[in-house]
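Structural overview for review
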Amino acid sequence: MLGEFEYLLLTAAARLGEEAYGAAIRGEIETATKKACSIGALYTTLDRLETKGFVKTWMGDPTPQRGGRPKRLVRVTAKGAEAASAFYKAVTHVSRGVSWETSRAAVPS
Amino acid sequence: MNRLVDFVSRGLDSAERDAVLGDLAESGESGARELAGVLGLVVRRQAELWKDWRPWVLLMLLILPLGLLLSVASQITARGSATYSWLYLNNWDWSLLQYREFWYELRDSLVVLSVRWVSLACWSWTAGFVLGSVSRRLLAANGVLICLTLLLCGLFAAPEYLAYVFPDPGPPDASDPVGALMFYGYVFPLIVRIILVAAPCIWAMRQGSGMGKLPPLVRAVILTTAIVALVAMVMRQPGIGWVLKTYRYPEFWQSWEIRALQNVVYWPAAYLIGGLIVRRWRSIHV
């Protein structure tokens, strides 16, 4: 079973497709969660996902916008897509019948 | 700040370093956030390595013993040098310059001090070189650990404890009254420890980490020399020498074998000069 951050990373990489690399994935996660995403968490999680066979990473060509440094490009594998799908199904399933917006409004503070 | 980020990022593998610095350049983050991000990743990477058993063996068999021995050597050198420093710096009198005897005395003192300082720096360099050559990936963590060991041994006065473990350490220390002074008792040993131990050790760790590029035979010769130099240090400083009570047998130190062994301590000078010559030769001929 994936962790929450692993799922976020896989989903962001899948959404970005060919343009999935460190900075872009980080931007996607920060936009989605509205929280800062540390580069340490991103890269260590990326390694973990690669070890599990959920993503494949490789070094791209250097670009001038990055000070002549290469990108670490990411592609979600079939196994990764399967794991993300299973996580999504589990979250959707367990959330069935629960509306957090309504519940939060209903619970007196 | 950029320089600091660049320095910290050296704790990462070169490919990852490029990708991370490129990401940070692209996202245009502030210097402090950039530094925190890179530092966080370096710490995570180093922490991951410690899940294995090998770094722990390295810590127990090399870092801690070498840190302790260098602490002892540094404390002895600091104590010995403190007397000379106090004599010349705290009691300086310009009129002394007119006496020929003063110049003789000064020359002898400088020779004694230079030998002690160079020996200590060479031992520290050798220890750092061996540590650096053992594990390239643990370079940053081992650098921090050896500095911590040196600091803690200094704070908790490891040499004094060692004197209880190995009693009868030879003639009484003549520099005790000087050591009772605040500066010579605490600040001076710390300066010696930083300049003559920590700095050469860290420098050599970087040199040692590049050993993989050398041919196997050269690597074997260099490592053997480094290990012999460490054995010489262990024999000279409290340690095996104390256990064997070699200080009771002055003739032991007079044998040519032991004297030759003591000279191996200065091998870092030969290594650095040799490296310079090779680089110069390559830049001309290649």
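Residues numbered from 1 in each chain as written. Chains lettered and ligands numbered in written order. Predicted model: local features only at pLDDT ≥ 70, side-chain atom pairs only at ≥ 80, totals over all residues.

A closer look at the overall build of chain A
The helix and strand tally for chain A stands at 5 helices and 2 strands. In sequence order, chain A lays out its α and β elements as α-α-α-β-β-α-α. Its C-alpha atoms give chain A a radius of gyration of 16 Å, clearly above 13 Å, the size a compact globule of 109 residues would have. Based on the C-alpha atoms only, the size of chain A along its principal axes is roughly 55 × 30 × 20 Å. (Helix = DSSP H or I, 4+ residues; strand = E, 2+ residues; numbered from the N terminus. Rg over C-alpha atoms; globule rule 2.2 N^0.38 Å.)

Some points on the nonpolar core
Residues and elements named next belong to chain B. Counting 45 residues, the largest nonpolar core has L70, A73, W123, A127, C201, A229 and M233 as its most contacted members. Elements represented by at least two residues in this core include exactly helix 4 (54-90), helix 5 (100-134), helix 6 (139-155), helix 9 (182-209) and helix 10 (216-236). In this view, C201 contacts S124, W125, A127, G128 and I146; residues no more than four positions away in its chain are not counted. (Core = buried A, V, L, I, M, F, W, Y, C linked by C-beta atoms within 7 Å. Buried ≥ 20, exposed ≤ 12 C-beta atoms within 10 Å, placed from the backbone. Contact = placed C-beta atoms within 7 Å.)

Considering the domain arrangement of chain B
By domain assignment, chain B separates into domain 1 (2-49) and domain 2 (61-285). Its residues placed into classes, the side of domain 1 of chain B that touches domain 2 of chain B shows 2 nonpolar, 2 polar and no charged. (Domains from an automatic or database assignment. Nonpolar A, V, L, I, M, F, W, Y, C, P; charged D, E, K, R; others polar.)

A closer look at the packing of helix 5 of chain B against helix 9 of chain B
Residues and elements named next belong to chain B. The N-to-C vectors of helix 5 and helix 9 enclose an angle of 35°; their axes lie 6 Å apart at closest approach. The interaxial crossing formed by helix 5 with helix 9 has right-handed handedness. Across from W117, L120, A121, S124, W125, A127, G128, F129, V130, L131, G132 and S133 in helix 5, the residues of helix 9 making contact are L196, V197, P200, C201, I202, W203, A204, M205, R206, Q207, G208 and S209. The class makeup of the residues in the contact of helix 5 with helix 9 is 16 nonpolar, 7 polar and 1 charged. (Axes fitted to C-alpha atoms, helices over the stretch in contact; angles between N-to-C directions. Left-handed = near helix turned anticlockwise from the far one by under 90°.)

Some details on the pairing of strand 1 (residues 55-63) of chain A
All names here are of chain A. Judged from the 7 bridges that link them, strand 1 and strand 2 (residues 69-76) form a sheet pairing that is antiparallel. Of the residues in strand 2, the one forming a bridge with T57 is V74. Adjacent in sequence and paired antiparallel, strand 1 and strand 2 are bridged by 5 residues, among which G67 carries a positive phi angle near 65°. (Pairing = 2+ DSSP bridges.)

Digging into the confidence of the model for chain A
In this model, chain A carries an average pLDDT of 89, and 93% of its residues clear a pLDDT of 70 or more. Model confidence for chain A, summarised as mean pLDDT per element, is weakest for helix 5 (residues 100-106) of chain A at 61 and strongest for helix 1 (residues 4-16) of chain A at 95. (pLDDT = per-residue confidence, 0-100.)

Notes on unusual backbone geometry
All names here are of chain A. In the Ramachandran plot, K34 falls in the positive-phi region, its phi being about 60° despite a non-glycine side chain. With respect to the element layout, K34 can be found in the loop between helix 2 (22-33) and helix 3 (39-52). A residue is classified by how many C-beta atoms lie within 10 Å of it, and K34, with 6 of them, is exposed.

Remarks on the packing of helix 4 of chain B against helix 5 of chain B
Residue and element names in this part refer to chain B. Closest axis-to-axis distance for the helix 4/helix 5 pair is 10 Å, and the angle between their directions is 170°. Put simply, helix 4 runs roughly antiparallel to helix 5. Helix 5 is crossed by helix 4, and the crossing has left-handed handedness. For the pair formed by helix 4 and helix 5, the contact residues are L58, L62, I63, L66, L70, A73, S74, T77, G80, S81 and Y84 on the first element and S109, L113, R116, W117, L120, W123, S124, A127, L131 and V134 on the second. A breakdown of the residues in the contact of helix 4 with helix 5 according to their chemical character gives 14 nonpolar, 6 polar and 1 charged. (Parallel < 35°, antiparallel > 145°, perpendicular 65-115°, else oblique.)

Regarding the interface of chain A and chain B
Each side of the interface is counted separately: chain A has 16 residues, and chain B has 15 residues. Every element with two or more residues in the side of chain A that touches chain B is listed here: helix 2, helix 3 and strand 2 of chain A. Taken together, the residues of the side of chain A that touches chain B sort by class into 5 nonpolar, 6 polar and 5 charged.

Description of the environment of R107 of chain B
Residues and elements named next belong to chain B. In this structure, R107 sits in helix 5. Residue classification places R107 among the exposed residues on the basis of 10 C-beta atoms within 10 Å. In the structure, R107 is positioned 71 residues away from A36 in sequence and 51 Å away in space, judged by C-alpha atoms.

A closer look at the environment of L190 of chain B
Here L190 of chain B shows up in helix 9. Taking the C-alpha atoms as reference points, L190 of chain B and L151 of chain B, separated by 39 residues in sequence, lie 8.5 Å from one another.

Let's talk about helix 3 (residues 31-49) of chain B
A rise of 1.5 Å per residue sets the reference length of helix 3 of chain B, with its 19 residues, at 27 Å; its end C-alpha atoms lie 27 Å apart and thus fit the reference within 8%. Inspection of helix 3 of chain B places E34, G37, V38, L41, V42 and R45 of chain B among the buried residues, and these make up the whole buried set. The buried side chains of helix 3 of chain B occupy one side of the element, clustering within an arc of 125° when seen end-on. Seen from the buried face of helix 3 of chain B, the exposed residues on the opposite side, beyond 90 degrees, are A32 and A47 of chain B. Where helix 3 of chain B is buried, its residues contact helix 3 of chain A together with helix 1 (2-8), helix 2 (14-27) and helix 6 of chain B. (Expected span 1.5 Å × (residues − 1). Arc of directions from axis to C-beta.)

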